[in-house]
Amino acid sequence: MENLKINIEKIQDFVSRTTVDNYKKETERHIDALYNKTGKGNDFLGWVNLPSVITEKEIKDIEKIAKSLKGKAEVVVIIGIGGSYLGAKAVIEALSGNFSFFKKDREYPLVVFAGQNLSEDYHYELLEFLNNKEFAVVVISKSGTTTEPAIAFRLLKQAVEKKYGKDGATERIIAITDAQKGALKQLADKEGYKTFEIPDDVGGRYSVLTPVGLLPIAIAGFNIRELLEGAKTMQKITDINSEFSENPASIYAAARNALYKTGRTTEIMVNYNPKLHYLAEWWKQLYGESEGKEKKGIFPASVDFTSDLHSMGQYIQEGIRNIFETVISVKEPNNTLIIPKDIKDLDKLNFIAEKPLDEVNKMAELGTILAHVDGGVPNIHIEIPKLNEFYVGQLLYFFEIGCGISGYILDVNPFDQPGVEAYKSNMFALLGKPGHEEATQKILEKLGK
Ligand code: PA5
């Protein structure tokens, strides 16, 4: 069976293979620290073994709730932000049909998201959209105190209760939160909602393989067993017994850190399939929040090619040379579409007539890689055989373990996020939250008010 592959040949004009291989011992030490919980942030390493320790009972419980919602909701609203949003969004987008949003007579509920922003228009329009539909709500917050999802939940709870009454709402609201603490836990217990727990030792951005990701993905009709199987296979490939040269996550972590040392401070995640757009968004959170601290870290950016070759392509080819690219390539498309022959050939495209469209996409990919490497942009290439649950599971785990190793190479704690608090305290001060009076005074002075 084929698995995810990494190819770092196209970084070798910039960083030698020996330089990458010199990380062998260090990556082995870091994998050991991740498994034996001896490194920084070692109380947040529950995600390392998730694919292999999840029980049949836990999977069945998720599947059972997903099935029950299928019977009663055309739309399920998933409320959450950051790690309580991006994993589910990434996987559902990767596996859904591009136009499935508009599909009538759906077999599974349409999954939409709320609380991932504070836009009044977004939430107004969502409520309007739900108006004449049967719907249910899954609210996800590990801390149970995050402002954006808490506000969205107020709005959605009110809408469910208005439509279905208090009792009906209890059957249509599910909470995923901390096992013990937090406002959401208290509320869920008080209202009698079905709850799923987020393990204490799994941080938000590493939680996609807990109910945080698995329940929304199952509700959308995707096979979470296959997803977990893919993740488990990747865990085996990258675990404590794996050889550096056979471990794609170690090679990835080593290669990107070697490039960072040459001044490549931005990594651009590239896809050639729009379904992977949100996978890159998930990856950006994973790597940005894990590594961007202590004035260090590679800035994670992303582009969708070939669309963005017509916007960002110029910069990547000729702009400041502090970037490298990581391409996620899908070997085989799920569908076949042949370019038609045209007798008049006015567009002069008959030279590619009767070829599958994917062949042109692959030549665009190869041509771009070669051009960017020639222009001074090193390229890491990650290939999965197909876009399905199994290989998306491999990608998720690959990036997670790669992030743990890479964060340790950078010598930061990849499992905390102290920096995300700064905007919150300003926002609370500006909104006049009780207990923030001093900060409110200071910020108003700063603004000259
Ligand atoms: O990775 C993280 O820890 C964060 O992005 C959180 O997931 C995000 O802030 C949401 O937090 P919570 O689930 O507590 O509402």
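From a predicted model like this one, the values you see are computed outputs, not experimental measurements. (Residues numbered from 1 in each chain as written. Predicted model: local features only at pLDDT ≥ 70, side-chain atom pairs only at ≥ 80, totals over all residues. Heavy atoms only, no water.)

Overall, parallel pairing links the five strands, which are arranged β3-β2-β4-β5-β6 in an open sheet. Each of the sheet's edge strands pairs with one partner strand only, and the pair in question is β3 (110-114) and β6 (194-198). Here the average twist between neighbouring strands, direction ignored, is 20 degrees. One ladder, built from five bridges, connects strand β5 (residues 173-178) with β6; its direction is parallel. Across the sheet, residue A175 finds its bridge partner in β6, namely T195. Sheet strands in contact with helix α6 (residues 120-130) are β2 (75-79), β3 and β4 (135-141), and its direction is about 150 degrees off that of β3. (Pairing = 2+ DSSP bridges. Helix = DSSP H or I, 4+ residues; strand = E, 2+ residues; numbered from the N terminus. Axes fitted to C-alpha atoms, helices over the stretch in contact; angles between N-to-C directions. Contact = heavy atoms within 4.5 Å.)

So, about the side chain of K157. Note on placement: K157 falls in helix α7 (residues 147-172). Excluding residues that lie within four positions of it along the chain, K157 makes contacts with K166, I173, E191 and Y193.

On to the site of the ligand. If you check the shell around the ligand, you find 13 residues, and the closest are S84, S141, S143, T146 and Q285. A distance of 2.7 Å separates an oxygen atom of the ligand from a polar atom in the side chain of S84. Computed on the free molecule, the ligand has an accessible area of 380 Å², of which 88% lies beneath the protein chains in the complex. Residue composition of the shell around the ligand, by class: one nonpolar, nine polar and three charged. (Near = heavy atom within 4 Å. Polar contact = N/O pair within 3.5 Å; in protein donor to acceptor, adjacent residues only side chain to side chain. Areas by Shrake-Rupley, 256 points an atom, 1.4 Å probe, with all protein chains shown as cover. Nonpolar A, V, L, I, M, F, W, Y, C, P; charged D, E, K, R; others polar.)

The extent of an interface is frequently quoted as the accessible surface area lost upon association of the parts. When cut into domains, the chain gives domain 1 (5-40 + 228-409) and domain 2 (46-225). Domain 1 and domain 2 are separated by 29 Å when their C-alpha centres are compared. Each side of the interface is counted separately: domain 1 has 28 residues, and domain 2 has 30 residues. Taken over both partners, the interface formed by domain 1 and domain 2 buries close to 2700 Å², and the fraction arising from carbon and sulfur atoms is 63%. In terms of surface lost to domain 2, no three residues of domain 1 exceed L228, K275 and Y278, which account for 29% of the buried area on that side. On inspection of domain 1 and its partner domain 2, the count reaches one salt bridge. For R205, the salt bridge goes to E289, with nearest N and O atoms at 2.9 Å. The interface formed by domain 1 and domain 2 holds 14 residue pairs in polar contact (both at pLDDT 80 or more) in total. The set of elements that each furnish at least two residues to the side of domain 1 that touches domain 2 consists of α2 (24-36), α10 (224-238), α12 (277-291) and α15 (389-409). (Domains from an automatic or database assignment. Buried area = accessible area lost by both parts, 1.4 Å probe. Salt bridge = Lys/Arg side-chain N within 4 Å of Asp/Glu carboxyl O.)

So, about the pattern of salt bridges. Overall, the coordinates contain 29 salt bridges when judged by the stated rule. The residue K60 makes a salt bridge to E56 at a minimum N-O spacing of 3.5 Å. A residue pair is termed a helical-turn pair when its members lie 3 or 4 positions apart in one helix, as K60 and E56 do in helix α4 (residues 56-72) at four residues. One network of salt bridges, with partners in common, ties together K157, E161, K166, K190 and E191.

Before going further, it helps to spend a moment on a nonpolar patch on the surface. Side chains of F99, F101 and F102 sit close together on the surface and give an oily, nonpolar patch of about 420 Å² of accessible area. Looking at the secondary structure, you find F102 in the loop between α5 (86-95) and β3. Residue class for F102 comes out exposed when judged on its relative accessible area of 64%. (Patch = residues over 30% accessible without salt bridge, like charges linked within 9 Å, V, L, I, M, F, W, Y side chains within 5 Å. Buried < 20%, exposed > 50% of the residue type's maximum accessible area, 1.4 Å probe, protein only.)

Backbone-to-backbone hydrogen bonds pair the strands of a sheet. The strands run either parallel or antiparallel. Strand order in the open sheet made by the five strands is β1-β10-β9-β7-β8, with mixed pairing throughout. Every other strand in the sheet has two partners, leaving β1 (5-7) and β8 (299-304) as the edge strands with one partner each. Pairwise comparison of adjacent strand axes, ignoring direction, gives a mean angle of 20 degrees for this sheet. Pairing geometry for strand β7 (residues 266-271) and strand β9 (residues 323-330), over six bridges, is parallel. Bridge assignment links V270 to a residue of β9, and that residue is V327. On the sheet, α15 packs against β1, β7, β9 and β10 (379-384) and is oriented at approximately 145 degrees with respect to β10.

What follows is about the packing of α7 against helix α8 (residues 183-191). Axis angle and axis distance: for two packed helices, these are the angle between their axes and the distance between the axes, and together they describe the pair. Put simply, α7 and α8 touch, their axes get as near as 14 Å, and they point 20 degrees apart. Classified by the angle their axes make, α7 and α8 are roughly parallel. Relative to α8, the crossing made by α7 is right-handed. Note on element contacts: α8 touches α7 through L184, L187 and E191, opposite F153, K157, K166 and T170. (Parallel < 35°, antiparallel > 145°, perpendicular 65-115°, else oblique. Left-handed = near helix turned anticlockwise from the far one by under 90°.)

Here we come to α12. Taking 1.5 Å per residue, 15 residues should reach 21 Å; α12 reaches 21 Å between its end C-alpha atoms and fits that length. Within the sequence span of α12, burial applies to L279, A280, W282, W283, Q285, L286, Y287, S290 and E291. Buried residues in α12 make contact with α5, α11 (248-261), β7, β8, β9 and α15. (Expected span 1.5 Å × (residues − 1).)

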